[in-house]
Structure formats: C-alpha cells, structure tokens
Amino acid sequence: GIQVEQSPPDLILQEGANSTLRCNFSDSVNNLQWFHQNPWGQLINLFYIPSGTKQNGRLSATTVATERYSLLYISSSQTTDSGVYFCAVIKAAGNKLTFGGGTRVLVKP
Amino acid sequence: DAEITQSPRHKITETGRQVTLACHQTWNHNNMFWYRQDLGHGLRLIHYSYGVHDTNKGEVSDGYSVSRSNTEDLPLTLESAASSQTSVYFCASSEYRTGEAFFGQGTRLTVV
C-alpha cells in the first residue's frame, strides 16, 4: 500500500516563530488532507489539498503532486497551534485515508 | 451545520463484555470509517463502509464488527472486549467523489 512519511517527528517552537512541516508519499494520490489534533484529542480539518497552494489565516499548505510531497507552513506560531499535525492521503477516488505518523508541535510562550 | 457525532465519549468496560460504539453523521456521505489511535501506531483503519449494507475489513479488524443499515449510522461492536482494545476510537465520513473526510470527536474506551 501507499506509504506516508512526515517530518520532523517533533518540533518545539518559540511563540511567534515560523515553521514548515513536510509530508512525503510513495505513490500518486487523488486526495491529500492536513489535520490538527489538538491537546483535547479532536481531529480538526485544516486543508483539503490534492494539488496547489491554499491559505487559511496563519496557516498555508502546498502540494506538489508530481513530486509526491506536501508542505504545511505555520507562521507567527501561537500556543494554540500546539498538538499533532497529520497528513493523510487517498490513492483513488472513494478509497480510505492512509495517515502519516504525525508531527508533534509544542509552541512555548 | 452538518456534523459527525460519536457516543459515548468515554467508556470503561470489563474484559469479555460486548460493547457498541455509536457513530452518526448528517453529511449524507456514503463513505464511513472507523479508526483506532494508539501511541506509537498513529491512526489505523478498523472497518469501513461505502454505502448501506456494505462493510469492509481494514488493517486491524479482528475482534470488531460493523453493520450499515442506513446512510447516517455505522456502529462499531467489540464482540468480546479485550485489554488490547483499550484505545481511542474515531469515526469518519467522506464524500465519494473527493474523498474529503471529516472526523467525530473520538471515544476513549478502557477495557479493565
């Protein structure tokens, strides 16, 4: 099956810093999503981004499907950005999501 | 607003008991999924359904079953709960065409 790898596994940031999270996948995909799991365990949809670039406030994401990677950018980080960020992909329409291992982010005040 | 809800949010049960976790979505999505999340393993797929009366096994299906009698609900049953099934369980639904998925709040299950 398709492999999804995220890096780095852990990230510690000072409040106000910028960061980039990476997601590599082993095959072509039909769908790619970024999720944020907050400290209470909820999985929050950040981006549905099979290709191209999207922005939502301080967060933005870029997927380069031909090179099989996606990047999530966090700018001016805040303590509320802490949690685990997951990348998940679907290889073909209608299929189930395959998750990466996540990047654990801690933003210190 | 459309949503996906799970119940209960927390449950403690004894080894050997049958347990059912509920999942209800109002997105009118055909696809529904159950995942479990454990430290060191990320999210792993248990069972999934592409429509009414359709069910499929995921990568960690042993000891679990699902049934799909309508579009909105996909209950997950643990036939005889084991301590290894202590975990956080997430239900999700997605639109068939895009595959964009939405998750419930999760159910924390402890088997003692």
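It should be noted that the structure appears before, not after, this text.
Here is what the cut-offs are and how they apply
Residues numbered from 1 in each chain as written. Chains lettered and ligands numbered in written order. Predicted model: local features only at pLDDT ≥ 70, side-chain atom pairs only at ≥ 80, totals over all residues. Heavy atoms only, no water. Pairing = 2+ DSSP bridges. Helix = DSSP H or I, 4+ residues; strand = E, 2+ residues; numbered from the N terminus. Axes fitted to C-alpha atoms, helices over the stretch in contact; angles between N-to-C directions. Buried < 20%, exposed > 50% of the residue type's maximum accessible area, 1.4 Å probe, protein only. Phe/Tyr/Trp six-rings, centres within 6.5 Å; stacked < 30°, edge-to-face > 60°. Disulfide = S-S within 2.5 Å.

Attention shifts here to the sheet that holds strand 7 (residues 59-64) of chain A. All names here are of chain A. Taking strand neighbours across the sheet as the criterion, the five strands line up as 1-3-8-7-6 in an open arrangement whose pairing is antiparallel. Each edge of the open sheet is held by one strand with a lone partner, namely strand 1 (4-7) and strand 6 (52-56). Across the sheet, the axes of successive neighbouring strands diverge by a mean angle of 15°, strand direction being ignored. Sheet analysis places strand 3 (residues 19-25) next to strand 8 (residues 69-74), joined by six bridges and oriented antiparallel. Across the sheet, residue N24 finds its bridge partner in strand 8, namely Y69.

All names here are of chain B. Taking burial as the measure, the eight residues of strand 4 (residues 31-38) include eight buried ones, the bulk of the element. Burial along strand 4 is two-sided: N31, F33, Y35 and Q37 and M32, W34, R36 and D38, pointing in opposite directions, are all buried. Here strand 4 runs beside strand 9 (residues 87-94); their pairing, made up of seven bridges, is antiparallel. Among the inter-strand pairings, Q37 is bridged to a residue of strand 9, identified as V88. Relative to strand 5 (residues 42-51), strand 4 runs antiparallel, the two sharing seven bridges.

This next bit is on the packing of aromatic side chains. Tallying each qualifying case throughout the model produces 12 aromatic pairs over all chains. Ring geometry for F35 of chain A against F103 of chain B: centres 5.3 Å apart, planes inclined by 85°, an arrangement best described as edge-to-face. Here F35 of chain A is found in strand 4 (residues 31-37), whereas its partner F103 of chain B is found in strand 10 (residues 101-103) on a different chain. For the pair Y48 of chain B and Y50 of chain B, a centre-to-centre distance of 5.3 Å together with 55° between the ring planes defines the contact as tilted. Of the residues examined, Y48 of chain B reaches a relative accessible area of 9% and is grouped as buried. Exposure remark for Y50 of chain B: the relative accessible area of 28% places this residue in the partly exposed category.

Residues and elements named next belong to chain A. The tally for this structure, following the rule as stated, stands at two disulfides over all chains. Paired by a disulfide, C23 and C87 hold their sulfur atoms 2.0 Å apart. On the sign convention where negative means left-handed, the S-S torsion of about -55° between C23 and C87 marks this disulfide as left-handed. Linking C23 in strand 3 with C87 in strand 9 (residues 83-90), this pair joins segments that are 64 residues apart in sequence.

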